[in-house]
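What follows is the residue order along each chain.
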Amino acid sequence: MTVKLYGFTVGHLTIPWSFMVDGREGAIKVPVPSYVVVHPTATAVFDSGLNVAALRDPAAHVGEFLAAFHTFDFVSGEELGAQLDGIEFGADRIDLVINSHLHFDHAGGNGQFPRADVLVQQAEWDAAHVDDAQLRGYVAADFDTGQEVRRVVGDHDVFGDGSVRCIPTPGHTPGHQCLVVQTEHGGEVVLCADACYLRESLESLLLPGVISDPVAALQTLHRFRDLQASGSRVLFGHDPEFWKSVPHAPARIG
Ligand SMILES: [Zn+2]
């Protein structure tokens with residue numbers, strides 16, 4: 001079974017360069033990507049982007065601490081739900097939201113899909129629900145949104161036919177996972193999310209300055225190199241230059 005894969009940009013964030021690559025100075029403006037996977041039996045979002053609450057007042061939504069390190073460029077119409085209404089399916093057609101992890105730029109849109117189940121690694125759910133989680137990028141209002149939550153452990157075959165697989169890729173956060181998609185026209189595509197921010201992160205094995213487990217993160221980069229060597233297309237998580245080369249909906253990635 002093969003699937004269709006679409007990409008979207010749900011706003012931009014300007015952040016310290018050192019968040020992306022340890023030791024680097026200055027700031028970088030990065031896209032916030034989201035994806036939609038259309039399988040013959042169901043339609044899934046992979047990472048839902050920013051919360052509509054951040055359109056009005058980002059600091060009120062993410063808190064002063066996170067707002068001090070993130071400048072939001074996010075305007076009405078960029079929220080994922082609104083963009084889906086512009087293509088062949090609207091937000092009401094989404095059956096499943098898969099989160100790479102629960103940081104505010106990846107789970108912020110979960111609440112826009114009230115009838116979808118949410119699929120996340122158990123370790124990520126746990127990491128997001130400790131007392132001081134917000135200091136590490138977790139905003140409870142993003143993901144405590146009331147849907148059914150499927151908490152999985154380890155590799156997970158989303159539709160049971162091997163076409164869309166979650167693979168654990170810890171390092172950035174304890175329960176980070178990537179999505180491996182067998183696309184109809186684009187071969188196997190690996191959606192890295194924050195397990196690999198930039199093309200140069202993979203080429204030069206560069207780790208971010210803010211990271212939960214550097215050893216695991218480096219192992220994850222080697223796993224991406226192996227996947228790339230076996231012919232997979234690797235899509236980096238927040239690479240401004242690379243992202244320009246990725247087709248945006250209504251065009252398809254694969
Ligand atoms: Zn991110």
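Rules behind the numbers
- Residues numbered from 1 in each chain as written.
- Predicted model: local features only at pLDDT ≥ 70, side-chain atom pairs only at ≥ 80, totals over all residues.
- Heavy atoms only, no water.
- Pairing = 2+ DSSP bridges.
- Helix = DSSP H or I, 4+ residues; strand = E, 2+ residues; numbered from the N terminus.
- Contact = heavy atoms within 4.5 Å.
- Axes fitted to C-alpha atoms, helices over the stretch in contact; angles between N-to-C directions.
- Buried < 20%, exposed > 50% of the residue type's maximum accessible area, 1.4 Å probe, protein only.
- Core = buried A, V, L, I, M, F, W, Y, C linked by side-chain atoms within 4.5 Å.
- Polar contact = N/O pair within 3.5 Å; in protein donor to acceptor, adjacent residues only side chain to side chain.

**A look at the sheet that holds strand E10 (residues 177-183)**
Whether parallel or antiparallel, the strands of a sheet pair through hydrogen bonds between backbone atoms. Here we have five strands laid out as an open sheet, ordered E8-E9-E10-E11-E12, and mixed in their pairing. The sheet is open, and its two borders are formed by strand E8 (156-157) and strand E12 (233-236), each paired with just one other strand. Bridge count between strand E9 (residues 164-168) and E10: five bridges; the pairing is antiparallel. In the strand pairing of E10, Val 164 is matched with Val 181. Lying on the sheet, helix H10 (residues 214-229) is in contact with E9, E10, strand E11 (187-193) and E12; it crosses E11 at an angle near 165 degrees.

**Observations concerning unusual backbone geometry**
With an omega of 10 degrees, the peptide bond between Ala 249 and Pro 250 qualifies as cis. Relative to the elements of secondary structure, Pro 250 occurs in the segment after helix H11 (240-244). In this structure, Asp 47 takes a positive phi of about 70 degrees despite not being glycine. Topologically, Asp 47 is positioned in the loop between strand E3 (42-46) and helix H2 (53-56). Residue classification places Asp 47 among the buried residues on the basis of a relative accessible area of 2%.

**As for the sheet that holds E3**
If you trace the seven strands from one edge of the open sheet to the other, you get E4-E1-E2-E3-E5-E6-E7, paired in mixed fashion. Unpaired on one side and paired on the other, strand E4 (71-73) and strand E7 (149-152) mark the two borders of the sheet. Along the sheet, successive strands turn relative to each other by an average axial angle of 25 degrees, direction set aside. Pairing of strand E2 (residues 27-39) with E3 involves five bridges; the strand directions are antiparallel. From the neighbouring strand, Val 37 faces E3, where its bridge partner is Ala 44.

**Looking at the nonpolar core**
Among the nonpolar cores identified, the biggest contains 45 residues, and Met 20, Val 36, Leu 84, Leu 102, Phe 104 and Phe 113 are the most heavily contacted of them. Elements with a contribution of two residues or more to this core: strand E1 (4-16), helix H1 (17-20), E2, helix H5 (80-84), helix H6 (104-107), strand E6 (117-121) and helix H7 (122-127). Beyond its immediate stretch of four places on either side in the chain, Phe 104 contacts Leu 13, Gly 49, Leu 50, Val 62, Leu 66, His 70, Phe 72, Gly 137, Val 139 and Asp 142. Formed by 38 residues, the second largest nonpolar core is a distinct cluster that contains Leu 96, Phe 159, Cys 178 and Ala 193.

**A closer look at the side chain of His 39**
Summarising the element assignment, His 39 is placed in strand E2. Residue class for His 39 comes out buried when judged on its relative accessible area of 4%. Only 2.7 Å separates the side chain of His 39 from the side chain of Thr 41, close enough to count as a polar contact. At 2.7 Å, the side chain of His 39 and the side chain of Asp 161 are in polar contact. Contact partners of His 39, with chain neighbours within four places excluded, come to Met 1, Val 3, Phe 159, Asp 161 and Ser 163.

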